[in-house]
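# Tertiary structure, described
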Amino acid sequence: MPAESPLIQSLRTAVAAAPQDVPLRLHLAQLLLDAGAADAAVAEAAVALQHAPGDPQARALMARAMGTPAPGTATPAPVNPAASTPAPAAPASSAPTPASSTSAPQRGFDWKAAEEQIGDAVPPRFVEPEAPLTEDGSGDPGDAAAWDVEVPGAVRLADVGGLQEVKDRLEAAFLAPLRNPELRRLYGKSLRGGLLLYGPPGCGKTFVARAVAGELGAKFLSVSVNDVLDMWIGNSERNMHEVFETARRQAPCVVFLDELDALGGKRSRTHSSGMRNTVNQLLTELDGVDAAANEGVFVLGATNVPWDVDLALRRPGRFDRTLLVLPPDAPAREAILRHHLRDRPIENVELGKLVKLTEGFSGADLAHLCESAAESALLDSARTGTVRMIGMKDLLGAAKQLTPSTEPWFASARNVALYANEGGQYDDLVAYLKRKRRL
Ligand SMILES: Nc1ncnc2c1ncn2[C@@H]1O[C@H](COP(=O)(O)OP(=O)(O)O)[C@@H](O)[C@H]1O
Ligand SMILES: [Mg+2]
């Protein structure tokens, strides 16, 4: 990408300071377009349309920016006839971005790159901080590099849409006592072990765990148990130990063990004898060689299949407390949809209607829905040469194409609720299935 002129640079600064200022942003977009940076102009115009949907100037600019033929195309992309000003031809020297050279080779305008740019045009909602190598020089850079620790505060429970029940239970059972050091001491032993989040895939377990770390002002160390497991017998134990050692050095720290079921004996693995040792190692770490060493280390586990988790791990004092994370309820779906549509050029979207239609959809399904809708609008625009915003037509069409990915999960969960609810450990699940008249 060629260096930007000082004028464009200072306009960028001004726009960053006043992101709502539509005329200012359009001015920037026009300059970018004049300079041949059509992709960047599209991105700015898209954000302007976010703030002023339907604004005729913004739309015209968007059309001009998107109509600019990309260098090296056989046939020039059609220009929106509604746009009166002819688009300035992009200088032949403006080289295609790396993305455009690898994807959608001969389509005139690189839609994918433009979409990526639109995503980049607004500040990211969640800033994922870079993992510090060593906090205070006390850490061993080797293992910090192996297990990435996120600094606290990026995501809070308020960022998790809906799921009020989950939040209330987390607050009462986990956060309130932990936030207060006095209470923490008082509870002492009873807080040992970890909390196991379970539920269908894509419904926010990882998200909730990260938010818990944010709430506690703790760092976040997320590891997939599959990453801990190592082909070389013996290494898995050491990996597990190193995860916890890293957490202890970085305390306060939430250790999030994802895919905890991978340690379960029910999964056939070639190195299952090593598995036993890894489970034992985890138990040792959970119990804390001496409990004081685990001060400030909070353990959360997650699994889609809690019934496959090694029973030794489910005993009292270990992952004995469970929290069911269900598909997003209506407020959660609205929040998730809002989030995924936020950086996209949309118009006249009735969120309420979509929320009603997407019962049972996971967070991941909803993200996918928004992507498909964006894709259909972009392809349509490419076909007709007339820029079209993403509308209800696209979203409803995408919703129709998708079936909730949580369905198969509920099918097996139903059997567990019916036949394997020993000791009432899945009472939450039973209650939910009954409420949904599925039991
Ligand atoms: N309640 C929610 N509020 C906001 N986003 C959510 C919610 N539930 C899921 N998501 C989004 O859906 C995606 C999948 O969630 P994730 O936590 O990875 O699911 P899981 O760990 O349960 O498989 C994430 O990108 C997350 O941002
Ligand atoms: Mg996950």
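Computed from a predicted model, the values in this text were never measured in an experiment.

The subject of this paragraph is the overall build of the protein chain. A tally of helices and strands in the protein chain yields 19 helices and six strands. For the protein chain, the proportion of its 439 residues judged to be buried stands at 40%. Across the protein chain, the fraction of contacts at a sequence separation of at least 24, relative to all contacts at a separation of at least 6, is 71%.

The description of two helices packed together rests on the angle between their axes and the distance between the axes. Remark: helix H14 (residues 330–341) packs on helix H16 (residues 363–384), axes separated minimally by 9 Å, with the N-to-C direction vectors making an angle of 40 degrees. Relative to H16, the element H14 is oriented oblique. Once H14 is placed against H16, the crossing between them reads as right-handed. Mapping the contact onto sequence places Arg-333, Ile-336, Leu-337, His-340 and Leu-341 in H14 and Gly-363, Leu-366, Ala-367 and Cys-370 in H16. The residue inventory of the contact of H14 with H16, partitioned by class, reads six nonpolar, two polar and one charged.

On to the nonpolar core, then. Leu-197, Leu-221, Val-254, Val-255 and Leu-300 are the most contacted members of the largest nonpolar core, which totals 80 residues. Among the domains, domain 2 (141–324) and domain 3 (330–401) are the pair contributing at least three residues each to this core. Listed in part, the 25 residues of the second largest apolar core include Val-15, Leu-32, Val-42 and Ala-43.

Between helix H18 (residues 407–419) and helix H19 (residues 427–435), the shortest axis-to-axis distance is 10 Å and the interhelical angle comes to 115 degrees. Here H18 and H19 pass one another in a crossing that is left-handed. Across the interface between the two elements, Ala-413, Arg-414 and Ala-417 from H18 touch Leu-429, Val-430 and Leu-433 from H19. Taken together, the residues of the contact of H18 with H19 break down into five nonpolar, no polar and one charged.

Take the site of ligand 1 next. Taken together, 19 residues are adjacent to ligand 1, and Gly-161, Gly-204, Lys-205, Thr-206 and Gly-363 come closest. Of all the elements in the fold, those that place two or more residues in the shell around ligand 1 are helix H10 (205–216), H14 and H16. Here the residues of the shell around ligand 1 are counted per class, giving 12 nonpolar, six polar and one charged. Split by domain, the shell around ligand 1 shows at least three residues from each of two domains, domain 2 (141–324) and domain 3 (330–401).

The next thing to look at is the environment of Leu-32. Its location among the elements puts Leu-32 in helix H2 (residues 22–34). Residue classification places Leu-32 among the buried positions, given that 25 C-beta atoms sit within 10 Å. Between the C-alpha atoms of Leu-32 and Ser-5, which are 27 residues apart in sequence, the distance is 9.5 Å. If we skip the residues at most four places from it in the chain, Leu-32 touches Ile-8, Ala-37, Ala-40, Ala-41 and Glu-44.

Our next topic: the environment of Ala-367. If you trace the backbone, Ala-367 turns up in helix H16. By C-beta crowding, Ala-367 is classed as partly exposed, having 16 other C-beta atoms within 10 Å. Residues Ala-367 and His-339, 28 residues apart in the sequence, show an inter-C-alpha distance of 8.9 Å.

Another aspect to go through is the environment of Ala-413. Following the sequence through the fold, Ala-413 ends up in helix H18. With 26 C-beta atoms counted inside 10 Å, the residue Ala-413 sits in the buried group. Taking the C-alpha atoms as reference points, Ala-413 and Gly-199, 214 residues apart in sequence, are found 9.0 Å from one another.

Glancing now at the sheet that holds strand S6 (residues 321–324). The mixed open sheet is built from six strands, whose spatial order is S1-S3-S4-S5-S2-S6. Each of the sheet's edge strands pairs with one partner strand only, and the pair in question is strand S1 (149–150) and S6. Examined bridge by bridge, strand S3 (residues 219–224) and strand S4 (residues 253–258) share six bridges and lie parallel to one another. Following the sheet pairing, Val-223 is matched in S4 by Leu-257.

Moving on: the pairing of S3. Along S3, five of the six residues are buried, which leaves the element largely enclosed by surrounding structure. Relative to S3, S1 runs antiparallel, the two being bridged by two bridges. Residue pairing in the sheet places Glu-150 in a bridge with Phe-220 of S3.

Turning next to the confidence of the model for the protein chain. A low pLDDT score tells you not to read the predicted coordinates there in detail. In the predicted model, the protein chain carries a mean pLDDT of 78, and 75% of its residues have values of at least 70. By mean pLDDT, helix H5 (residues 98–102) is the weakest element of the protein chain at 39, and helix H15 (residues 351–357) is the strongest at 96. Within the model, the stretch residues 68–109 combines pLDDT values under 50 with 69 contacts to residues more than four positions away or in other chains. Note on residues 118–145: pLDDT is under 50 here. Beyond four places in sequence and across chains, it has 42 contacts.

Going from Ala-251 to Pro-252, the amide bond is cis rather than trans, its omega being 0 degrees. Position of Pro-252 relative to the elements: it lies in the loop between helix H12 (235–249) and S4. The residue Glu-259 is not glycine, and still its phi comes out positive at about 60 degrees. As for its position among the elements, Glu-259 is in the loop between S4 and helix H13 (272–287). Positive phi, normally seen in glycine, also occurs at Arg-437, with a value near 55 degrees.

Rules used in this analysis
- Residues numbered from 1 in each chain as written.
- Chains lettered and ligands numbered in written order.
- Predicted model: local features only at pLDDT ≥ 70, side-chain atom pairs only at ≥ 80, totals over all residues.
- Helix = DSSP H or I, 4+ residues; strand = E, 2+ residues; numbered from the N terminus.
- Buried ≥ 20, exposed ≤ 12 C-beta atoms within 10 Å, placed from the backbone.
- Contact = placed C-beta atoms within 7 Å.
- Axes fitted to C-alpha atoms, helices over the stretch in contact; angles between N-to-C directions.
- Parallel < 35°, antiparallel > 145°, perpendicular 65-115°, else oblique.
- Left-handed = near helix turned anticlockwise from the far one by under 90°.
- Nonpolar A, V, L, I, M, F, W, Y, C, P; charged D, E, K, R; others polar.
- Core = buried A, V, L, I, M, F, W, Y, C linked by C-beta atoms within 7 Å.
- Domains from an automatic or database assignment.
- Near = placed C-beta within 6 Å.
- Pairing = 2+ DSSP bridges.
- pLDDT = per-residue confidence, 0-100.

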